[in-house]
Amino acid sequence: MKKAISIVLIAQSIFSFAQDISKERIVNIVSTLASDEMKGRKFGMAENDKAAEYIASEFKKNNLDYCFGDSYLVPFEYKGKKGYNVCGIKKGKSQQSLAYSAHFDHIGTNNKEDDNIYNGADDDASGVATVIGLADYFKDKKTDFSMVFMAFNAEEIGLVGSKALSENQNLNPVFNNIKALFNFEMLATESQFGKNAVFMTGDEFSDFDELINANAVNGLKVYPDPYVGQQLFYRSDNVNFAKKKIIAHSISTVDMNKATHYHAVNDDISIVDADNLTNIINNFAKTIEKLNTKNFQPKYNDKVKYDF
């Protein structure tokens with residue numbers, strides 16, 4: 001009997017390990033989006049479209065449904081230029097859903113002779129890798145919540161892509177069911193709180209972080225925003241969904257006191273702490289796996305503003 005139990009436990013351990021997203025997978029996603037060939041993924045450029053198409057291909061590999069229509073690519077126009085957001089859905093037992101998002105655009109290139117490409121590995125290929133990593137993790141799992149996966153364009157020019165997507169009336173049936181949105185923004189480096197730790201913008205506005213921490217696995221910890229004075233809650237893509245009164249917060253590890261790579265040409269794969277990023281993605285996945293429509297119904301308090 002003891003031998004049989006041991007075999008079962010070993011099998012369960014191997015199965016659990018096999019479900020983890022590998023570091024190689026995460027590095028490959030970040031490296032692809034932050035490659036020199038992507039030329040900084042600036043909105044309106046061909047490489048930006050290429051990045052959108054790459055993300056759509058990853059959504060297809062994960063057998064996601066279209067958010068509407070017959071494509072993961074959702075077009076929009078801004079100042080005469082056309083671009084695409086990317087959106088896919090995994091249906092769960094409930095129509096209520098959790099959403100995961102990140103922006104994939106960056107700021108392009110400069111005219112200098114040396115390294116002139118703003119690769120945007122941390123900002124925000126790391127966030128996109130998190131979204132795709134979660135889609136990988138839940139591909140073959142049956143979940144209570146449905147799941148919405150989104151990659152926003154044109155964040156760097158004023159949160160334009162997320163605004164266009166949030167206001168697309170074809171998506172109202174999807175957005176009306178979102179109970180919370182995890183917006184991942186710059187997760188490639190160790191936070192000031194240490195490894196396996198993130199902070200959440202607007203933590204004072206809801207109980208989102210408290211509910212995550214109550215279910216967190218393997219020591220994952222969500223800390224309050226240490227940069228409250230910078231009003232980050234209102235300066236990232238989550239805000240366009242907060243305007244719709246959807247619980248929406250940005251999650252990050254960036255230490256702004258040390259982030260010399262921010263909007264700099266050295267924001268490339270060399271600055272990525274791949275072990276920490278992969279660990280955070282897997283621990284978020286396992287934490288989210290514990291959430292259901294009964295134990296996770298976060299709410300805003302009266303401190304949040306919707307009209308701004």
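Residues numbered from 1 in each chain as written. Predicted model: local features only at pLDDT ≥ 70, side-chain atom pairs only at ≥ 80, totals over all residues. Heavy atoms only, no water.

Peer 1: Would you mind going over the packing of aromatic side chains with me for this structure?
Peer 2: Aromatic ring pairs are reported here in terms of the distance separating the ring centres and the angle at which the planes meet. Within this structure, the stated rule accounts for 20 aromatic pairs. Ring centres 5.6 Å apart and planes at 15° place the aromatic pair phenylalanine 43 and phenylalanine 76 in the stacked group. Taken together, the positions of phenylalanine 43 in the loop between helix 2 (23–33) and helix 3 (46–61) and phenylalanine 76 in strand 2 (residues 73–78) put the pair 33 residues apart, joining distant regions of the chain. Residues phenylalanine 43 and phenylalanine 76 agree in their burial class; the two are buried. Consider the rings of phenylalanine 182 and phenylalanine 208, whose centres lie 4.9 Å apart with planes at 65°: the pair is edge-to-face. Taken as a pair, phenylalanine 182 in strand 6 (residues 178–184) and phenylalanine 208 in helix 7 (residues 208–215) lie far apart in primary sequence, 26 residues in all. As far as the burial class goes, phenylalanine 182 and phenylalanine 208 line up, both buried. (Phe/Tyr/Trp six-rings, centres within 6.5 Å; stacked < 30°, edge-to-face > 60°. Helix = DSSP H or I, 4+ residues; strand = E, 2+ residues; numbered from the N terminus. Buried < 20%, exposed > 50% of the residue type's maximum accessible area, 1.4 Å probe, protein only.)

Peer 1: What am I meant to see in the pattern of salt bridges here?
Peer 2: Pairing between side chains of opposite charge can happen when their charged atoms approach one another. In this structure the tally under the stated criterion is 10 salt bridges. Lysine 286 is paired through a salt bridge with aspartate 20; the nearest N and O atoms lie 2.8 Å apart. A residue pair is termed long-range when its members are at least 10 positions apart, and lysine 286 in helix 9 (residues 274–289) and aspartate 20 in the loop between helix 1 (2–19) and helix 2 qualify at 266 residues. A salt bridge links lysine 39 to glutamate 47; its shortest N-O distance comes to 3.8 Å. Lysine 39 sits in the partly exposed class, given a relative accessible area of 46%. In the salt-bridge network here, residues are joined through shared partners; they are Arg25, Glu58, Lys61 and Asp136. (Salt bridge = Lys/Arg side-chain N within 4 Å of Asp/Glu carboxyl O.)

Peer 1: For this particular structure, what's the right way to read the side chain of aspartate 209?
Peer 2: As for its position among the elements, aspartate 209 is in helix 7. Within the buried core, aspartate 209 has no salt-bridge partner, and the shortest N-O distance to an opposite charge, that of lysine 221, equals 8.9 Å. Non-local contacts of aspartate 209, meaning those with residues more than four positions away in its chain, are made with Met200, Asp203 and Val222. (Lys, Arg positive; Asp, Glu negative; His and termini not counted. Contact = heavy atoms within 4.5 Å.)

Peer 1: Can you walk me through the packing of helix 2 against helix 3 in this structure?
Peer 2: How two helices pack is summed up by the angle between their axes together with the distance between the axes. In the contact formed by helix 2 and helix 3, the axes pass within 10 Å of each other and the chain directions differ by 155°. By the criterion of interaxial angle, the relationship of helix 2 to helix 3 is roughly antiparallel. Judged by residue contacts, Arg25, Asn28, Ile29, Thr32 and Leu33 of helix 2 engage Ala51, Tyr54, Ile55 and Glu58 from helix 3. (Axes fitted to C-alpha atoms, helices over the stretch in contact; angles between N-to-C directions. Parallel < 35°, antiparallel > 145°, perpendicular 65-115°, else oblique.)

Peer 1: Would you mind going over the nonpolar core with me for this structure?
Peer 2: Generally speaking, nonpolar side chains in soluble globular proteins are found buried as a group. Membership of the largest hydrophobic core comes to 81 residues, with the highest contact counts inside it found for Tyr100, Met150, Phe182, Phe284 and Ile288. With 10 residues, helix 4 (residues 121–138) is the single largest residue contributor to this core. Apart from the residues lying within four places of it in its own chain, the contact partners of phenylalanine 284 are Leu134, Phe182, Phe184, Val198, Ile212, Leu220, Val222 and Ile251. With six residues, the next largest nonpolar core counts Met186, Phe199, Leu232 and Ala259 among its residues. (Core = buried A, V, L, I, M, F, W, Y, C linked by side-chain atoms within 4.5 Å.)

Peer 1: Would you mind showing me how to read a negative patch on the surface here?
Peer 2: There is a patch of like negative charges on the surface, built from Asp36, Glu37, Glu113, Asp114 and Asp115. With respect to the element layout, glutamate 113 can be found in the loop between strand 4 (97–103) and helix 4. (Patch = residues over 30% accessible without salt bridge, like charges linked within 9 Å, V, L, I, M, F, W, Y side chains within 5 Å. Areas by Shrake-Rupley, 256 points an atom, 1.4 Å probe, with all protein chains shown as cover. Charge placed at Lys NZ, Arg CZ, Asp CG, Glu CD.)

Peer 1: I keep staring at the pairing of strand 4 and nothing clicks. Help me out?
Peer 2: The side chains of a regular strand alternate, first on one face of the sheet and then on the other. Counted residue by residue, strand 4 has seven buried out of seven residues, so it is predominantly covered. The side-chain alternation of strand 4 yields two buried faces, one formed by Ser97, Ala99, Ser101 and His103 and the other by Leu98, Tyr100 and Ala102. Across seven bridges, the pairing between strand 4 and strand 5 (residues 146–152) is parallel. Paired with serine 97 across the strands is serine 146, a residue of strand 5. Where the polypeptide runs from strand 4 across helix 4 and back to strand 5, its parallel neighbour, the crossover connection is right-handed. (Pairing = 2+ DSSP bridges. Right-handed = clockwise from strand over helix to strand, strands pointing away.)

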